[in-house]
Amino acid sequence: MLKFNSFAKSYGSHLILKIDNLTIERGVYWIKGANGSGKSTLLKSIAGFFSFKGSIFLDELNLKKDGVAYRKLVNFADAEPVYPDFLTGYEMIKLFAAAKAAERHQEEKYISEMNMQAYINNPLGTYSSGMLKKLSLVLAFLGKPKLILLDEPLNTIDVESLEVLYKWIEEKHLADNTSFFLSSHQQVDVKRILFKVALLQDNSLKIEM
Ligand SMILES: Nc1ncnc2c1ncn2[C@@H]1O[C@H](COP(=O)(O)OP(=O)(O)OP(=O)(O)O)[C@@H](O)[C@H]1O
């Protein structure tokens, strides 16, 4: 599903990640690693936000050569999402839905299950951090992504929303075979969704069997 060839990411002269050759099969992965191990850097590189050395492929699509097609199939939710204050949650959803060629009304289930109806038409400047986080999760599920990257999704949201998120991951993986990379400091309910663990350590990524 995802393939790294001679991948390396540095900030200036500081090497953060080096993945020579690695193929990751479809699945739901918990990206586990200590503070500063490079979890966000890895997810943002895969999302296509950062320059890097080497290549990343999603199936046959090369991120560097087929960027538009690749990005349509890879969705990302930031650890601390920031959006324009003046747009409403619903306007933000409509922008993302258009960019990801989402089916009409796809967002309705997500808005209602996350219980966001009461404030979805309010400006984002009025949202709490938990409300912004929930919006970022809704955006990450729009369209028909092959891979969804969730950076620290368990932070900030309440227990009910966490249950909803686990349900969405399970449903989406079973229905569309969508893969997930979810980074988290907190223990993930690994048995529930049969998470596989990908350990980020010593600048490299290792899939644990
Ligand atoms: N924009 C940047 N410029 C320079 N160094 C950076 C930048 N972003 C991250 N780093 C460094 O890269 C390393 C990896 O950071 P990253 O945020 O990817 O780790 P993380 O595993 O997500 O950390 P955490 O669990 O604390 O969120 C850290 O040493 C960090 O200081």
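Source: prediction; values computed, not measured. (Residues numbered from 1 in each chain as written. Predicted model: local features only at pLDDT ≥ 70, side-chain atom pairs only at ≥ 80, totals over all residues.)

(A) Expanded view of the overall build of the chain. Counting its secondary structure elements, the chain contains 7 helices and 10 strands. Its C-alpha atoms give the chain a radius of gyration of 17 Å, near enough to 17 Å, the size a compact globule of 209 residues would have. Expressed along its principal axes, the backbone C-alpha trace of the chain runs to roughly 50 × 35 × 35 Å. In the chain, once contacts between residues fewer than 6 apart in sequence are set aside, the share between residues at least 24 apart is 75%. (Helix = DSSP H or I, 4+ residues; strand = E, 2+ residues; numbered from the N terminus. Rg over C-alpha atoms; globule rule 2.2 N^0.38 Å. Contact = placed C-beta atoms within 7 Å.)

(B) Region of interest: the site of the ligand. In the region of the ligand, the neighbouring residues are Y11, I16, G33, N35, G36, S37, G38, K39, S40, T41 and H185. At 3 residues, the largest contribution of residues to the shell around the ligand is made by helix α1 (residues 39-47). (Near = placed C-beta within 6 Å.)

(C) Representation of the nonpolar core in the model. Counting 51 residues, the largest nonpolar core has L139 and L149 as the members making the most contacts within it. In terms of residues, this core owes the most to one element, helix α5 (residues 129-140), which gives 6 residues. In this view, L139 contacts A77, M92, I93 and F96; residues no more than four positions away in its chain are not counted. (Core = buried A, V, L, I, M, F, W, Y, C linked by C-beta atoms within 7 Å. Buried ≥ 20, exposed ≤ 12 C-beta atoms within 10 Å, placed from the backbone.)

(D) Representation of the sheet that holds strand β5 (residues 61-62) in the model. Read across the sheet, 4 strands follow the order β2-β1-β4-β5 without closing on themselves; strand pairing throughout is antiparallel. One side of each edge strand has no neighbouring strand; the edge strands of this open sheet are β2 (14-24) and β5. Note that strand β1 (residues 2-11) and strand β4 (residues 53-58) share 5 bridges and pair antiparallel. In the sheet register, A8 faces β4, and the bridge partner there is K53. (Pairing = 2+ DSSP bridges.)

(E) Spatial organisation of α5. A rise of 1.5 Å per residue sets the reference length of α5, with its 12 residues, at 16 Å; its end C-alpha atoms lie 17 Å apart and thus fit the reference within 8%. Among the 12 residues of α5, 9 are classified as buried, and the element is accordingly described as predominantly covered. All of the buried residues along α5 are M131, K133, K134, L135, S136, L137, V138, L139 and A140. Against β6 (74-77), α3 (89-99), α4 (106-113), β7 (147-151) and α6 (159-176) lie the buried residues of α5. (Expected span 1.5 Å × (residues − 1).)

(F) Seen up close, the environment of L87. Tracing the sequence through the fold places L87 in the loop between β6 and α3. On the neighbour-count criterion, L87 (15 C-beta atoms within 10 Å) is partly exposed. Sequence separation of L87 and H185 is 98 residues, and the distance between their C-alpha atoms is 31 Å. In contact with L87, other than residues within four places in its own chain, are M92, P123 and L124.

In short, the description is geometric, and any link to function would need to be established separately.
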